[in-house]
Every structure is written in structure tokens, then in C-alpha cells.
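Fold and geometry: a report
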Amino acid sequence: MRIAGLLVAWLALPGLVFGAEAKPSESPKPAVRTVQVKDGIILFKVRLTPGVPDPGQVVEAMVEMFEVPPVPDPIYGEQIPVKDSTITAEVTDADGEGYTQRYLLHPQMDAGTYGFHYTPVRKDILRVVFKGKHKGRKFSTSFRTPVAVWPFKDASALKSDGPAGGSRMPALPSGMGGPAMPASPAGTRVPVASAAKAMKPLPDAMQRMGDKWVLLQVAMFAGRAADMNRVKTGATTLQQVSMVASGIQTDMTDFSTEMKELAKAFEQLGVAAGTGKRAEVASQFGKIADTGCTRCHFVHRWKVLGTLAEYPKMLH
Ligand code: HEC
């Protein structure tokens, strides 16, 4: 199993790319699925929306992390929320020779609650592994989750397909800490009058970056192996989008420099793809997702960190 990269998580793939067809199904797919998994004293309650995505649909994963002490805690009882933990989620294809995508979970407002998004690109049964460290001990626990497969019974989870017991989350999540995530960017984007549009060059540039990034993801992961020609084209487009973004006036002191760095990184990705260097393409893609997109978002988009330097170096 190889680590193909850390993906930023708000991305949605247009259903068109995959020719998603609506099949009449016996039991309706659940809007939300909840899963609980444990490793020793660590308990995760996971809420996935939609419960069973189709390829190209962005999945919102809200994760509550608890410690289950041998003796109930006087304040929290049997489940103590674990806050400020650094948790990664690895999402892997079922067939074993597939790819793994890594996400760094971002903390939500509620202590002990974390979130990430991912976008499955094929009908599949994915494995999601949470990894991290708690009180000096490493933990790792996993569950399986279907894409366009329903009904589905998961033996690896403690409990599924029902509301998570004792969960502090609302019955329907109101959204992540970051901006609300449309299931399909094309479907939900609100048309803006051109005058208003000219007033907000930054979100426009980032939206374009997100759209092009989705195409790059498809080029990287939709097939058995990355499509090098499409990766090269995608990288070149993203290099241009980054250069345009670097010229936008913002009050972020590091924005322009970071965008120029990003442009350089995409240029390198394009060169690696052009010369067919697959390992380099995979590692460069992961590096861009991590220190290119996610690091800046942690500071300037989600405002989880104060500075870029505080971003953990655990992934790359
Ligand atoms: C130097 C900082 C920085 C980097 C690097 C960066 N972003 Fe962003 N991004 C932002 C900020 C700031 C916002 C929030 C913009 C706003 O809404 O005002 C944002 C928002 C977004 C959005 C949401 C746009 C919307 O519709 O509101 C997407 C999608 C996005 N970024 C994609 C990406 C991708 C993909 C990459 C990497 C290839 C990336 N970004 C790299 C700063 C960055």
C-alpha cells in the first residue's frame, strides 16, 4: 500500500465525470451513517454525511474522540472528550493495491470534536484508519465504509447505521468549522452578479483553484494508475491559477509568497508528470496538498492556527 498523498478535504467531483446513474434501490441509502470504533481506551464516534455517497460526492466526516477510563471520571463520567489531539485519517481502497489518501483532522468548536472531508472517486468499500497518539501511547483503529454499495453490514464497527449513543452532535450537522460544503460545486453555487463578483477576487480565485484541483485529483486517482498527460495539463493550469492568485491584494502578509511557492510546486509536478516519474508525481502531489493547500487553510481559511510555522510536520 502506498501513500499517495494528503488531500484537502472540501473537494467535490462533478458527477458528470463519472456518468453517475441513478439506480432504483430496494432500501433508501441513509442520509447519515454513524459508526463507533475503539482502540483500548480510545473511542471514536463518527458521523458520515451522506451516509452512503456516490462516486464524486463529497463526504463530511465529523469525529468525536473520547477516552473511556477504567473508572468513570467524576466530571465526564464514562466518556471523556479528548481535545487538542492530532489525528490523521487514512482512507484506502478495498482492493489492497489501491491508493491511500491521508487527512489531518481539524478541530471543531466543540472540545473533542474533529472533522474532515473526502471525495470517493469509485464505487468501492473504503477503509478509514484513525491514527495518533494519546498520553504517550499510539492508537490506530479502523472501520469500513461503502461508496455506492447499499445495503452494507460492517462487522468492524461497534455499532452503525443508527444515531451515535450519547453523541453531543446535533441530529443533522449544521456544517463544519469551515465554510459549508456543497455536495456538488456546480449544483449549489449561487450565481453572482458580475459587479459583486469583481468585489471578491480571493474567494473566486480559490474556487477556481478548488475546481481545477478536483480535475487533478481525478487525473491522479480515478484510474488504476495516474494519467500522466492529464496530471501535466492539470498542474500547468494550477500553476497559472496560483500565479494569478499571488497578485491578489489581501491583508495576509504571507499570501502572495505562498501562492508563488505553490506555483513553483505545480511547475515541478508538471515536469515530473511530463517525464513520467510516477513516484515523484505522487510525493509532489501529497506535498502540495499538505504544505501547499492545507497548511495555509489551517491559518487563513479555518483559522485553527495562528501562523504557518505552527502546522505540524508529521505528514511530510
Ligand atoms: C496562501 C494561502 C492559501 C493557499 C496556499 C491555498 N489556499 Fe485555498 N483558501 C485560502 C483562503 C484564505 C480561503 C478563504 C477565501 C475566502 O472565502 O475569503 C481559501 C478558500 C479555498 C476554497 C473555498 C473557495 C470558496 O468557494 O469559498 C477552496 C476550494 C480552496 N481554497 C482550494 C485550495 C486548493 C485546492 C489549494 C491548493 C492547491 C489552496 N486552496 C491553497 C488560502 C489559501
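Here's the deal with the overall build of the chain
- Counting its secondary structure elements, the chain contains six helices and twelve strands.
- Here the chain, with 316 residues, has 37% of them falling under the buried criterion.
- Across the chain, every contact between residues at least 6 apart in sequence was considered, and the portion connecting residues at least 24 apart equals 65%.

Structural notes on the packing of helix α5 (residues 255-274) against helix α6 (residues 278-301)
- Close contact between α5 and α6 brings their axes to 9 Å; oriented N to C, the two are set at 165 degrees. As summarised for this structure, α5 and α6 are arranged roughly antiparallel, according to the angle between their axes. Considering only the axes of α5 and α6, their crossing is left-handed. Between α5 and α6, the residues in contact are Glu258, Leu262, Ala265, Phe266, Gln268, Leu269, Ala272 and Ala273 and Glu280, Val281, Gln284, Phe285, Lys287, Ile288, Gly292 and Cys296, respectively.
- Among the residues making up the contact of α5 with α6, the classes are represented as ten nonpolar, three polar and three charged.

Remarks on helix α4 (residues 228-246)
- Between its first and last C-alpha, α4 extends 26 Å over 19 residues, near the 27 Å set by a 1.5 Å rise per residue.
- For α4, the full list of buried residues reads Val231, Lys232, Gly234, Ala235, Leu238, Val241, Ser242 and Ala245.
- Buried residues along α4 sit against α3 (201-221), α5 and α6.

Structural notes on the environment of Leu238
- Among the secondary structure elements, Leu238 is positioned in helix α4.
- Residue classification places Leu238 among the buried residues on the basis of 25 C-beta atoms within 10 Å.
- Residues Leu238 and Met209, spaced 29 residues apart in sequence, show a C-alpha to C-alpha distance of 6.7 Å.
- Once residues within four sequence positions are removed from consideration, Leu238 is found in contact with Met209, Lys212, Trp213, Leu216 and Phe266.

Comments concerning the site of the ligand
- Lining the immediate surroundings of the ligand are 21 residues, of which Met206, Gly210, Glu258, Cys293 and Cys296 lie closest.
- Counting residues per element, the ones that place at least two in the shell around the ligand are α3, α5 and α6.
- Partitioned by chemical class, the residues of the shell around the ligand number 14 nonpolar, five polar and two charged.
- Two domains each provide a minimum of three residues to the shell around the ligand, namely domain 1 (2-185) and domain 2 (190-310).

Some remarks on the nonpolar core
- Ranked by internal contacts, the top residues of the largest apolar core, which has 31 residues, are Phe44, Ala61, Val63, Met65, Ala89 and Leu105.
- Looking at this core, the elements with two or more residues in it are β2 (33-39), β3 (42-49), β4 (59-67), β6 (87-92), β7 (99-104), β9 (113-118), β10 (124-134) and β11 (137-147).
- With residues up to four places along the chain from it excluded, the contact list for Ala61 reads Val46, Leu48, Gly115, Phe116, His117 and Tyr118.
- Residues Met209, Ala245, Ala273 and Val281 belong to the second largest nonpolar core, which totals 28 residues.

Observations concerning the environment of Gln57
- Note that Gln57 resides in the loop between β3 and β4.
- Given 19 C-beta atoms within a 10 Å radius, Gln57 is considered partly exposed.
- Between the C-alpha atoms of Gln57 and Tyr118, which are 61 residues apart in sequence, the distance is 8.6 Å.

Considerations on the confidence of the model for the chain
- On average, residues of the chain score 78 in pLDDT, and 75% of them reach the 70 mark or higher.
- Per-residue pLDDT stays below 50 along residues 1-22; that stretch engages in 78 contacts with residues further than four places along the chain or on separate chains.
- Note on residues 160-198: pLDDT is under 50 here. Beyond four places in sequence and across chains, it has 58 contacts.

Thresholds applied
Residues numbered from 1 in each chain as written. Predicted model: local features only at pLDDT ≥ 70, side-chain atom pairs only at ≥ 80, totals over all residues. Helix = DSSP H or I, 4+ residues; strand = E, 2+ residues; numbered from the N terminus. Buried ≥ 20, exposed ≤ 12 C-beta atoms within 10 Å, placed from the backbone. Contact = placed C-beta atoms within 7 Å. Axes fitted to C-alpha atoms, helices over the stretch in contact; angles between N-to-C directions. Parallel < 35°, antiparallel > 145°, perpendicular 65-115°, else oblique. Left-handed = near helix turned anticlockwise from the far one by under 90°. Nonpolar A, V, L, I, M, F, W, Y, C, P; charged D, E, K, R; others polar. Expected span 1.5 Å × (residues − 1). Near = placed C-beta within 6 Å. Domains from an automatic or database assignment. Core = buried A, V, L, I, M, F, W, Y, C linked by C-beta atoms within 7 Å. pLDDT = per-residue confidence, 0-100.

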